[in-house]
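Listed below are the residues making up each chain.
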Amino acid sequence: MLPTVLRCVRPISTSLALSRPVAHFRPHMDPDQSRPVERSITTKLTDKLKPDHLEVHNESHMHAVPPGSESHFRVLVVSSQFDGLPLIQRHRLVNEALKEELSSCVHALAIQAKTPEQWGSNPSLAKSPPCMGGSRGDHTVEEKLKAGRE
């Protein structure tokens, strides 16, 4: 469990661009090596769903978590494997591919799962709502994260 927790938080010193929440995946481009959870999400969705288009957005900076965290994500997956499936089934495929991350360090995952036809007629990603505070009132969150690093 401890190695899983450690993957979720990077030291502040390695966090160069907290305002850069977007990581577009292109088959010829490796995901950022300094973001292990983001890299794992990208790799697993690519392997499992063979997407025509994939975007993985780390939205942790928008929430009450320490800088460098990888806990809140939004994904846009466009795959022909979604053809004929209702939205709930598409989400289940994404959740199944990411079950390890969802059971450990990913606190929130927003999913947009589109068919190539849907993407062709509406190539957009929905915006995330602002954080409502969630754990802002829980002063033990930072202590818990520190304990996980020790």
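As recorded by an unreviewed UniProt entry, the chain carries the name BolA-like protein 1 and is attributed to Zoarces viviparus. Of the comments in the UniProt record for the chain, the one headed Subunit (unreviewed entry) reads "Interacts with GLRX5."

Chemist: Explanation requested: the overall build of the chain in the structure shown.
Modeler: Tallying secondary structure elements over the chain gives six helices and four strands in all. For the chain, the succession of helices and strands along the chain, N to C, is α-β-α-β-β-α-α-β-α-α. Intrachain contacts of the chain at a sequence separation of at least 6 include 68% that bridge at least 24 residues. Carbon and sulfur atoms form 57% of the exposed surface of the chain, whose accessible area is close to 8600 Å².

Chemist: Is there a simple way to think about unusual backbone geometry in this case?
Modeler: Of all residues except glycine, most have a negative phi; of all peptide bonds, most are trans. Positive phi outside glycine occurs at K50, with the angle close to 45°. Counting through the fold element by element, K50 comes out in the loop between helix 2 (36–49) and strand 2 (53–58).

Chemist: Is there a simple way to explain the nonpolar core in this structure?
Modeler: A general trend in soluble globular proteins is that nonpolar side chains are found buried together. Ranked by internal contacts, the top residues of the largest apolar core, which has 17 residues, are I41, L45, V75, V77 and V94. Elements represented by at least two residues in this core include exactly helix 2, strand 2, strand 3 (72–78), helix 3 (87–97) and strand 4 (108–114). When residues of this core are assigned to their parent elements, the largest contribution, four residues, is made by helix 2. Setting aside residues no more than four positions away along its own chain, L45 makes contact with K50, P51, L54, V75, V77, V94, A97 and L98.

Chemist: Help me understand the packing of helix 2 against helix 3 in this model?
Modeler: The relative placement of two packed helices comes down to the angle between their axes together with the axis-to-axis distance. The interhelical angle for the contact between helix 2 and helix 3, taken along N-to-C directions, is 125°, at an axis separation of 9 Å. Our classification of the angle between helix 2 and helix 3 gives oblique. Where helix 2 crosses over helix 3, the handedness of that crossing is right-handed. Residues K44, L45, K48 and L49 of helix 2 pack against L93, V94 and A97 of helix 3. Among the residues forming the contact of helix 2 with helix 3, the class breakdown is five nonpolar, no polar and two charged.

Chemist: It is not clear to me how the confidence of the model for the chain should be interpreted in this structure. Could you clarify?
Modeler: One rule of thumb: low pLDDT means the predicted coordinates there are not for detailed reading. This prediction gives the chain a mean pLDDT of 76; 65% of its residues lie at or above 70. The lowest-confidence element of the chain is strand 1 (residues 22–25), averaging 38 in pLDDT; the highest-confidence one is helix 3, averaging 97.

Chemist: So what exactly am I meant to see when it comes to helix 2 here?
Modeler: Three or four residues apart is the spacing at which side chains of an α-helix point the same way, because the helix has 3.6 residues per turn. Relative to the 20 Å expected for 14 residues at 1.5 Å per residue, helix 2 spans 20 Å between its end C-alpha atoms, a close match to the ideal helical length. Within the sequence span of helix 2, burial applies to V37, E38, S40, I41, T42, L45 and L49. Note on helix 2: the residue one or two positions beyond its end, K50, has a positive phi of about 45°.

Chemist: Help me out: how do you make sense of the side chain of E70 in this one?
Modeler: Tracing the backbone through its elements, the reader meets E70 in the loop between strand 2 and strand 3. Within the structure, the side chain of E70 is placed 3.3 Å from the backbone nitrogen of V37, a separation counted as a polar contact.

Chemist: Looking at this structure, I do not really get the pairing of strand 2. What am I missing?
Modeler: Each regular strand displays side chains that alternate between the two surfaces of the sheet. A large share of strand 2 lies buried, amounting to five of its six residues. Here strand 2 runs beside strand 3; their pairing, made up of six bridges, is antiparallel. Following the sheet pairing, E55 is matched in strand 3 by L76.

Chemist: Hey, could you run me through helix 3 in this one?
Modeler: If you check which residues of helix 3 are buried, you get R90, V94 and A97. What you see down the axis of helix 3 is that its buried residues fit within an arc of 65°, all on one side. Across helix 3 from its buried face, at more than 90 degrees, point the exposed residues I88 and R92.

What counts and what doesn't
Numbers given to residues run from 1 along each chain, matching the order in which its sequence is written. In keeping with the predicted nature of the model, local features appear solely for residues at pLDDT of at least 70, side-chain atom pairs appear and are counted solely at 80 or more, and the whole-chain, interface and lining totals rest on all residues. The basis for every side-chain value is the complete set of non-hydrogen atoms in the structure, without hydrogens or water. UniProt positions are given in the numbering used here, feature names are shortened, and annotations may be inferred rather than shown by experiment. Helix and strand assignments come from DSSP, with helices taken as H or I runs of at least 4 residues and strands as E runs of at least 2, each series counted from the N terminus. The contact criterion used is simple: two residues touch if any of their non-hydrogen atoms lie within 4.5 Å. Under the convention used here, a 1.4 Å probe and the Shrake-Rupley method define accessible areas, while residue burial counts only the protein chains that appear. Definition used in this section: a nonpolar core is a set of buried Ala, Val, Leu, Ile, Met, Phe, Trp, Tyr and Cys residues joined via side-chain atoms within 4.5 Å. Relative accessibility under 20% of the residue-type maximum defines a buried residue, over 50% an exposed one, and the middle range a partly exposed one, all with a 1.4 Å probe and only protein chains included. For helices, the fitted axis covers only the stretch in contact; all axes are lines through C-alpha atoms, and the angles between them, taken along N-to-C directions, range from 0 to 180 degrees. Roughly parallel means an angle under 35 degrees; roughly antiparallel, over 145; roughly perpendicular, 65 to 115; everything else is oblique. What makes a crossing left-handed is the near helix being turned counterclockwise from the far one by less than a right angle; a clockwise turn instead makes it right-handed. Amino acid classes used here: Ala, Val, Leu, Ile, Met, Phe, Trp, Tyr, Cys and Pro are nonpolar; Asp, Glu, Lys and Arg are charged; the rest, including Gly, are polar. Confidence scores labelled pLDDT are given residue by residue by the predictor and lie between 0 and 100. To estimate how far a helix should extend, the number of its residues minus one is multiplied by 1.5 Å. Definition of a polar contact: a pair of N or O atoms within 3.5 Å, with one able to donate and the other able to accept a hydrogen when the atoms are protein atoms, and with sequence-neighbouring residues admitted only if both atoms are side-chain atoms. By this definition, two strands are paired if DSSP reports at least two bridges between them. Working note: the arc is built from the helix axis to C-beta atom directions.

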